[in-house]
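Geometric and topological summary
The chain contents come next:
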Amino acid sequence: MSKARGNLVEGAVTFVIGLGLWLFTGDVEVPVVTLTKVGVVMMCVGGVLVAAGLWQGARRGT
């Protein structure tokens with residue numbers, strides 16, 4: 001698996017997990033962090049990984 005495809009897959013999985021946390025953990029109480037905020041951070045990280053994978057794929061294709 002190329003690095004670009006790996007970043008795309010990893011970013012998509014991270015984004016989906018973050019989306020699940022954001023949508024479904026609004027009423028769960030954890031002492032240290034808020035799971036909805038963790039979900040938002042994971043969605044941002046996943047989006048950056050997807051963008052990096054797309055960038056690497058585009059650079060490799062030219």
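Residues numbered from 1 in each chain as written. Predicted model: local features only at pLDDT ≥ 70, side-chain atom pairs only at ≥ 80, totals over all residues. Heavy atoms only, no water.

Observations regarding the overall build of the protein
Summing up its helical and strand segments, the protein has two helices and zero strands in all. Since a compact globule built from 62 residues should have a radius of gyration of about 11 Å, the 14 Å found for the protein marks it as more spread out than a globular shape. Seen through its C-alpha atoms, the protein measures out along the principal axes to roughly 50 × 15 × 15 Å. Out of the 62 residues belonging to the protein, those deemed buried represent 21%. When contacts within the protein are restricted to residue pairs at least 6 apart in sequence, long-range pairs at least 24 apart make up 68% of them. (Helix = DSSP H or I, 4+ residues; strand = E, 2+ residues; numbered from the N terminus. Rg over C-alpha atoms; globule rule 2.2 N^0.38 Å. Buried < 20%, exposed > 50% of the residue type's maximum accessible area, 1.4 Å probe, protein only. Contact = heavy atoms within 4.5 Å.)

Brief notes about the UniProt feature "transmembrane region" (unreviewed entry) in the protein
Taken from the UniProt record, the annotation "transmembrane region" (unreviewed entry) applies to residues 7–24 and 30–55. Helix makes up 100% of residues 7–24 and strand 0%, and the two end C-alpha atoms of the span are 26 Å apart. With 81% helix and 0% strand, residues 30–55 has end C-alpha atoms that lie 37 Å from one another. (UniProt positions renumbered as here; feature names shortened; annotations may be inferred.)

What to know about the side chain of Thr 14
With respect to the helices and strands, Thr 14 occurs in helix H1 (residues 3–24). Thr 14 sits in the buried class, given a relative accessible area of 16%.

Thoughts on a nonpolar patch on the surface
Residues Phe 15, Val 16, Leu 19, Trp 22, Leu 23, Phe 24 and Val 40 make up a contiguous nonpolar surface patch of roughly 670 Å² in combined accessible area. Along the chain, Val 16 falls in helix H1. (Patch = residues over 30% accessible without salt bridge, like charges linked within 9 Å, V, L, I, M, F, W, Y side chains within 5 Å. Areas by Shrake-Rupley, 256 points an atom, 1.4 Å probe, with all protein chains shown as cover. Salt bridge = Lys/Arg side-chain N within 4 Å of Asp/Glu carboxyl O.)

Some points on the environment of Thr 14
For the pair Thr 14 and Gly 46, spaced 32 residues apart in sequence, the C-alpha separation works out to 4.9 Å. Ignoring anything within four residues of it in the chain, the contact list for Thr 14 reads Met 42, Gly 46 and Leu 49. Here Glu 10 takes part through its backbone oxygen, which lies 2.7 Å from a polar atom of the side chain of Thr 14. (Polar contact = N/O pair within 3.5 Å; in protein donor to acceptor, adjacent residues only side chain to side chain.)

Some points on H1
Relative to the 32 Å expected for 22 residues at 1.5 Å per residue, H1 spans 31 Å between its end C-alpha atoms, a close match to the ideal helical length. Every buried residue of H1 is listed here: Ala 4, Gly 6, Asn 7, Gly 11, Thr 14 and Gly 18. Along the long axis of H1, the arc covered by the buried residues comes to 145°, so they all point the same way. Structural note: H1 exposes Arg 5, Val 16 and Phe 24 on the side pointing more than 90 degrees away from its buried face. (Expected span 1.5 Å × (residues − 1). Arc of directions from axis to C-beta.)

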